[in-house]
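Letter by letter, the chains look like this.
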Amino acid sequence: MKYHSVWNVRHWRKDEKGIYRLIWGETAVDRNILHDTGEIAILSAFFATAMANYGAPPANLYLGLDARAALAEADTLATLSEIALAGYARIACISGGTGVGGQDFNINQPAAYYRADSKVVEWTAGQNWTILRNIFLCTDSVAVIDAASKHLVCSLALSAPRTLLNGDKLDGSMYIGLSE
């Protein structure tokens, strides 16, 4: 079995006429790092639903941003370096849907494998934000250490650090796929 991932991330800034213009974007194919806790969470949600601290899937998954200098497979929620500034919070993607288009996660088969595509989420800086280097997926909206059903699943190191000015927008989405 193979694991695939694609992250789409875009940085928007208002021009002098107040229109948002794309100033940076990237599509990262199979550069995602699946953390140890993410591997266990995915496997336990299907194969060991009563596993301590993992088990059944969460009602939501969350996309967030941080400034870790380097990513490692052993990273956890405790190793995140999230910002705590106006306009930032992890954004929920509901995992309890039926997988059809228009929901937070759409299960589809665009090629020779199936994948789960997230909705596009957007952050708007409420003040100047420090340098962001990564986007991540986790299982809790606010947890800062791993605990029961609170885990860092996967992360992507952005191709270029982002410093958002007050009013800038950053949006992101991802998909995870499995194939033979």
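The structure presented is a predicted model; accordingly, all values stated were derived computationally and were not measured. (Residues numbered from 1 in each chain as written. Predicted model: local features only at pLDDT ≥ 70, side-chain atom pairs only at ≥ 80, totals over all residues. Heavy atoms only, no water.)

**A short note on the packing of aromatic side chains**
Next, step 1: Tallied over the full model, the rule gives 2 aromatic pairs.
Next, step 2: Ring geometry for Tyr88 against Trp123: centres 6.4 Å apart, planes inclined by 20°, an arrangement best described as stacked. Placement of the pair is Tyr88 in the loop between strand 4 (60-66) and strand 5 (91-94) and Trp123 in strand 8 (residues 121-124), with a sequence separation of 35 residues. Here Tyr88 and Trp123 have matching classes, each one buried.
Next, step 3: Look at Tyr88 and Trp129: their rings are 5.9 Å apart centre to centre, the planes differ by 85°, and that puts the pair in the edge-to-face class. One end of the pair, Tyr88, is in the loop between strand 4 and strand 5; the other, Trp129, is in the loop between strand 8 and strand 9 (132-138), with 41 residues separating them in the sequence.
Next, step 4: Taken together through their ring pairs, the aromatic side chains of Tyr88, Trp123 and Trp129 make up a single cluster.
Next, step 5: When the ring centre of Tyr175 is taken as origin, the NZ or CZ atom of Arg115, which lies over that ring, is 3.7 Å away. (Phe/Tyr/Trp six-rings, centres within 6.5 Å; stacked < 30°, edge-to-face > 60°. Helix = DSSP H or I, 4+ residues; strand = E, 2+ residues; numbered from the N terminus. Buried < 20%, exposed > 50% of the residue type's maximum accessible area, 1.4 Å probe, protein only. Lys NZ or Arg CZ within 6 Å of the ring centre and 35° of its normal.)

**Focus: the nonpolar core**
Next, step 1: Formed by 35 residues in total, the largest nonpolar core has its most connected members in Trp7, Trp123, Trp129 and Leu137.
Next, step 2: Elements with a contribution of two residues or more to this core: strand 1 (2-14), strand 2 (20-29), strand 4, strand 5, strand 8, strand 9, strand 10 (152-162) and strand 11 (169-179).
Next, step 3: Beyond its immediate stretch of four places on either side in the chain, Leu137 contacts Trp7, Leu61, Tyr62, Leu63, Leu152, Val153, Cys154, Met174 and Ile176. (Core = buried A, V, L, I, M, F, W, Y, C linked by side-chain atoms within 4.5 Å. Contact = heavy atoms within 4.5 Å.)

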